[in-house]
Amino acid sequence: MKMRTRNLLAVLAITLLFTACASEKQLEEIIQQSNEEETTTLEESTQPDEPVVALPGLPDDVAGYTQWLKLNAEPIPPAPGGDPHNGTKNVHVNQTRDTIAPNGIQQFPYPDGSIVVKEASRPGKDYVGLIAIMRKKAGADPDHNDWQFIEYVRNAPDAEFSVIAEGRSCWGCHAGVKDIDYVFTELD
Ligand SMILES: *[C@@H]1O[C@H](CO)[C@@H](O)[C@H](O)[C@H]1NC(C)=O
Ligand SMILES: *[C@@H]1O[C@H](CO)[C@@H](O)[C@H](O)[C@H]1NC(C)=O
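The rules behind the values
Residues numbered from 1 in each chain as written. Chains lettered and ligands numbered in written order. Predicted model: local features only at pLDDT ≥ 70, side-chain atom pairs only at ≥ 80, totals over all residues. Heavy atoms only, no water. Core = buried A, V, L, I, M, F, W, Y, C linked by side-chain atoms within 4.5 Å. Buried < 20%, exposed > 50% of the residue type's maximum accessible area, 1.4 Å probe, protein only. Contact = heavy atoms within 4.5 Å. Near = heavy atom within 4 Å. Polar contact = N/O pair within 3.5 Å; in protein donor to acceptor, adjacent residues only side chain to side chain. Areas by Shrake-Rupley, 256 points an atom, 1.4 Å probe, with all protein chains shown as cover. Nonpolar A, V, L, I, M, F, W, Y, C, P; charged D, E, K, R; others polar.

- By the naming in an unreviewed UniProt entry, the chain goes by Cytochrome P460 domain-containing protein and is assigned to Geodia barretti.

## Looking at the nonpolar core
Next, step 1: By size, the foremost hydrophobic cluster in this structure holds 15 residues, and its most contacted members are Leu-71 and Trp-147.
Next, step 2: Beyond its immediate stretch of four places on either side in the chain, Leu-71 contacts Val-91, Val-93, Ile-100, Tyr-110, Val-183, Thr-185, Glu-186, Leu-187 and Asp-188.
Next, step 3: By size, the runner-up hydrophobic cluster in this structure holds 14 residues, among which are Ala-54, Leu-58, Trp-68 and Ile-115.

## Examining the site of ligand 1
Next, step 1: As a matter of local geometry, ligand 1 sits amid Gly-82, Asp-83, Asn-86 and Pro-123.
Next, step 2: Interatomic distance of 2.3 Å between a side-chain N/O atom of Asn-86 and an oxygen atom of ligand 1.
Next, step 3: Coverage of ligand 1 by the protein chains reaches 36% of its 360 Å² of free accessible surface.
Next, step 4: Split by residue class, the shell around ligand 1 holds 1 nonpolar, 2 polar and 1 charged.

## Some thoughts on the site of ligand 2
Next, step 1: The full set of residues close to ligand 2 is Asp-61, Asn-94, Gln-95, Gly-113 and Ile-115.
Next, step 2: At 2.3 Å, a side-chain N or O of Asn-94 approaches an oxygen atom of ligand 2.
Next, step 3: Expressed as a share of its isolated accessible area of 360 Å², the protein-covered part of ligand 2 is 42%.
Next, step 4: Its residues assigned to classes, the shell around ligand 2 comprises 1 nonpolar, 3 polar and 1 charged.

Have a look at this one:
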């Protein structure tokens, strides 16, 4: 929401600037150029067979996770007084709404093969700096509903992600929501 407002303000400021110092003709050219750019981007992003590439350092099976079903309707803000996954978060799963919430009511457990991906932008940063993943693999860990936990971090927008923690260090908290299959965030 804040970002959007900021972008809007930026556009407004630029528009005002151009109205002040560019002739009408120049302004038209600029608008036309930016329209052309927009069209190109749109066409590129709708190419059906364009490969979806994972962020650097992340496994291929989470490439394109931003297009999966998002569980939270609004970004999840940093938890006050300490946040295990410090930042503003979104949680995606590679399932459809109909599969996990038939008739609009979420069912548990998640189906075998589910992948839950949480991205977080660190407080004050505007790029994804943390990726936490839960993968459900039949037989992998019957004591924890067969979820495999792993978390990656990076400290710059173009840096590679690397593993920071996995497994045992993650169960402690997530066991607190065992009754909803270890996944805190419920489908909005
Ligand atoms: C979260 O990150 C911010 C900024 O990087 C830092 O100031 C704060 O101490 C962190 N909070 C926790 C609970 O780790
Ligand atoms: C989720 O991803 C896993 C691993 O790629 C795959 O085995 C599974 O079929 C996917 N599930 C759905 C519903 O796309």
